[in-house]
Amino acid sequence: MNNLFKAGLSLSFFLLASTCFFAQAKRWHVDSTAISSSNPDGSTWQRAFPDLQQALQVAKAGDSIWVAKGTYYPTAGLDQNVSFKVPNGIILMGGFKGLENRLEQRDWQANPSVLSGNIGNKTSDTDIAYHVMELINVDSSSLIVR
């Protein structure tokens, strides 16, 4: 085999492998005001998860989670040990209105996405979650963007 053919074969394999890897990455949508089917799957804004925990449970390394404007709590209950556990390799971004299909349309100043530990009684500070967010064994492939 000549070197040019080997280089072309190597480049072709690299491009194929890269395409396969990136093709598997998914975008999940979360909107606290979502009114969707009885089984939201997070695949679009129209089918957005109403709870960030749902997206964190299904997201895999390489996936992104787009979070619409609103306030998100780690639990609807009173367990102060519950937090948003973000696994490695996830890109978590807030600041969406809930209509965008391109990242450039995001406006985090006009559409704040708030992760709050103020569970239970919203006027009391005795039942606040101990940790709002936990990053689980993360490396540089993980990204949290307001």
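Just above sits the structure.
Attention here is on the structure that accompanies the text. Predicted model only: the values in this text are computed from it and were never measured.

A few points about the sheet that holds strand 5 (residues 91-96)
For step 1, the next point in the chain: Spatially, four strands are ordered 1-2-5-8 in an open sheet, and the strand pairing comes out parallel. Of all the strands in the sheet, the pair left with one neighbour each is strand 1 (27-30) and strand 8 (143-145). Averaged over all neighbouring strand pairs, the angle between strand axes comes to 20 degrees, with direction disregarded.
For step 2, the next point in the chain: Of the pairings in the sheet, the one linking strand 1 to strand 2 (residues 64-68) comprises four bridges and is parallel in character. Opposite W28, over in strand 2, you have I65 as the bridge partner.

Looking at the environment of V58
For step 1, the next point in the chain: Along the chain, V58 turns up in helix 2 (residues 52-58).
For step 2, the next point in the chain: The spatial distance from the C-alpha of V58 to the C-alpha of W28 is 8.8 Å, given a sequence separation of 30 residues.
For step 3, the next point in the chain: The contact partners of V58, leaving out residues within four places of it in the chain, are W28, F49 and D63.

Examining the pairing of strand 5
For step 1, the next point in the chain: For strand 5, the buried fraction is high: five of the six residues fall into the buried class.
For step 2, the next point in the chain: With four bridges connecting them, strand 2 and strand 5 associate as parallel partners. Looking at strand 5, one finds that S64 is bridged to I91.
For step 3, the next point in the chain: As paired strands, strand 5 and strand 8 are joined by three bridges and run parallel to one another. Residue M93 lies in a different strand from strand 8, and its bridge partner there is V145.

The rules we used
Every chain is numbered on its own, with residues counted from 1 as its sequence reads. Residues qualify for local features only when their pLDDT is at least 70, as the model is predicted, and side-chain atom pairs are given and counted only at 80 or more; totals for whole chains, interfaces and linings, by contrast, use all residues. Here the side-chain values reflect all heavy atoms present in the structure, with hydrogen atoms and water set aside. Strands pair, by our definition, only if DSSP identifies at least two bridges between them. We count a stretch as a helix when DSSP gives it H or I for four or more residues in a row; a strand needs E for two or more, and each element gets its number in order from the N terminus. Geometry is summarised by axes, namely lines fitted to C-alpha atoms with helices restricted to the contacting stretch, and by angles between N-to-C directions that run from 0 to 180 degrees. Between two residues, a contact is recorded if the distance between any of their heavy atoms is within 4.5 Å. A simple rule labels every residue: compare its accessible area, found with a 1.4 Å probe on the protein chains alone, to the largest value its type can have, and call it buried under 20%, exposed over 50%, or partly exposed in between.

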